[in-house]
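What follows is the residue order along each chain.
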Amino acid sequence: MSLEERYRQLIDHALRARERAYAPYSGFRVGCALLDLTGTIHYGCNVENAAYGPTNCAERTALFRAVADGVAPGQFAALAVVGDTPQPITPCGVCRQVMAELCPPDMPVIMANVRGQFAVATVSELLPGAFRL
Ligand code: THU
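Residues numbered from 1 in each chain as written. Predicted model: local features only at pLDDT ≥ 70, side-chain atom pairs only at ≥ 80, totals over all residues. Heavy atoms only, no water.

**A word on the site of the ligand**
Okay, so step 1: Around the ligand, 13 residues are found, and the nearest of them are Asn46, Glu48, Cys57, Ala58 and Glu59.
Okay, so step 2: Between Asn46 and the ligand, the recorded distance is 2.9 Å, taken from a side-chain N or O atom to an oxygen atom.
Okay, so step 3: Interatomic distance of 2.9 Å between a backbone N/O atom of Ala58 and an oxygen atom of the ligand.
Okay, so step 4: Contact with the protein chains covers 78% of the free accessible surface of the ligand, which is 380 Å². (Near = heavy atom within 4 Å. Polar contact = N/O pair within 3.5 Å; in protein donor to acceptor, adjacent residues only side chain to side chain. Areas by Shrake-Rupley, 256 points an atom, 1.4 Å probe, with all protein chains shown as cover.)

And the structure:
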């Protein structure tokens, strides 16, 4: 399977995760599929809240869920995220900071829209100079 086919497969998983989005306030549904180094896929969707602030993006839902399910930080291979945007979606700054903490710097982040367009960038390209303690 080509790299593009593998990317498209992960995007398909993110599209399925998107169906579970809870986005009654923005109406903007996002799905994420996160591949770990063992080949397991972890799913995330955005989960909104009436107080707005507690809203969790699809990417962080998948990342936090995977860590809670026992994946060690650093043990991720790729992340796909999809939303209904004119251009491929781009992750927010908070999610970029979380990716920088939990994922390898050279891990590909596949950013897609529902029309099948996608772009790929590494975690460190998305957040150069990430804050670290
Ligand atoms: N959102 C995500 O889940 N991921 C992104 O990359 C961008 C934004 C969510 C947060 C909120 O529920 C809605 O999209 C609108 O900002």
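This is not the end of the story, as more comes after the structure.
**Side note on the packing of helix 2 (residues 58-68) against helix 3 (residues 93-102)**
A pair of packed helices is characterised by two quantities: the angle between their axes and the separation of those axes.
Okay, so step 1: Helix 3 packs onto helix 2 with a crossing angle of 30° between their chain directions and a minimal axis gap of 9 Å. Here helix 2 is positioned roughly parallel relative to helix 3, judged by the angle of their axes. In the crossing of helix 2 with helix 3, the sense of the turn from one axis to the other is left-handed. On the side of helix 2, the interface is formed by Glu59, Arg60, Leu63, Phe64 and Val67, while helix 3 contributes Val94, Cys95, Val98, Met99 and Leu102.
Okay, so step 2: Residues that form the contact of helix 2 with helix 3 fall into these classes: 8 nonpolar, no polar and 2 charged. (Axes fitted to C-alpha atoms, helices over the stretch in contact; angles between N-to-C directions. Helix = DSSP H or I, 4+ residues; strand = E, 2+ residues; numbered from the N terminus. Parallel < 35°, antiparallel > 145°, perpendicular 65-115°, else oblique. Left-handed = near helix turned anticlockwise from the far one by under 90°. Contact = heavy atoms within 4.5 Å. Nonpolar A, V, L, I, M, F, W, Y, C, P; charged D, E, K, R; others polar.)

**A short note on unusual backbone geometry**
Okay, so step 1: The backbone of Tyr52 sits at a positive phi, close to 60°, despite the residue not being glycine.
Okay, so step 2: Examined against the element boundaries, Tyr52 turns out to sit in the loop between strand 2 (41-45) and helix 2.
Okay, so step 3: Look at Tyr52 and you get exposed, because its relative accessible area is 57%. (Buried < 20%, exposed > 50% of the residue type's maximum accessible area, 1.4 Å probe, protein only.)

**Some details on the sheet that holds strand 5 (residues 118-122)**
Okay, so step 1: Read across the sheet, 5 strands follow the order 2-1-3-4-5 without closing on themselves; strand pairing throughout is mixed. Sheet topology places strand 2 and strand 5 at the edges, where each strand pairs with a single neighbour. Going across the sheet, the axis of each strand differs from the next one's by a mean of 15°, ignoring polarity.
Okay, so step 2: Relative to strand 3 (residues 76-83), strand 1 (residues 30-36) is paired through 7 bridges, and the arrangement is antiparallel. Paired with Gly31 across the strands is Val82, a residue of strand 3. (Pairing = 2+ DSSP bridges.)

**Concerning the pattern of salt bridges**
Okay, so step 1: Tallying each qualifying case throughout the model produces 1 salt bridge.
Okay, so step 2: Among the ionic pairs, Glu4 bridges to Arg8, the shortest N-O distance being 3.0 Å. Placement of the pair is Glu4 and Arg8 together in helix 1 (residues 3-18), with a separation of 4 residues, close to one helical turn.
Okay, so step 3: Looking at Arg8, the relative accessible area reads 35%, which means it is partly exposed. (Salt bridge = Lys/Arg side-chain N within 4 Å of Asp/Glu carboxyl O.)

Geometry only, nothing functional implied.
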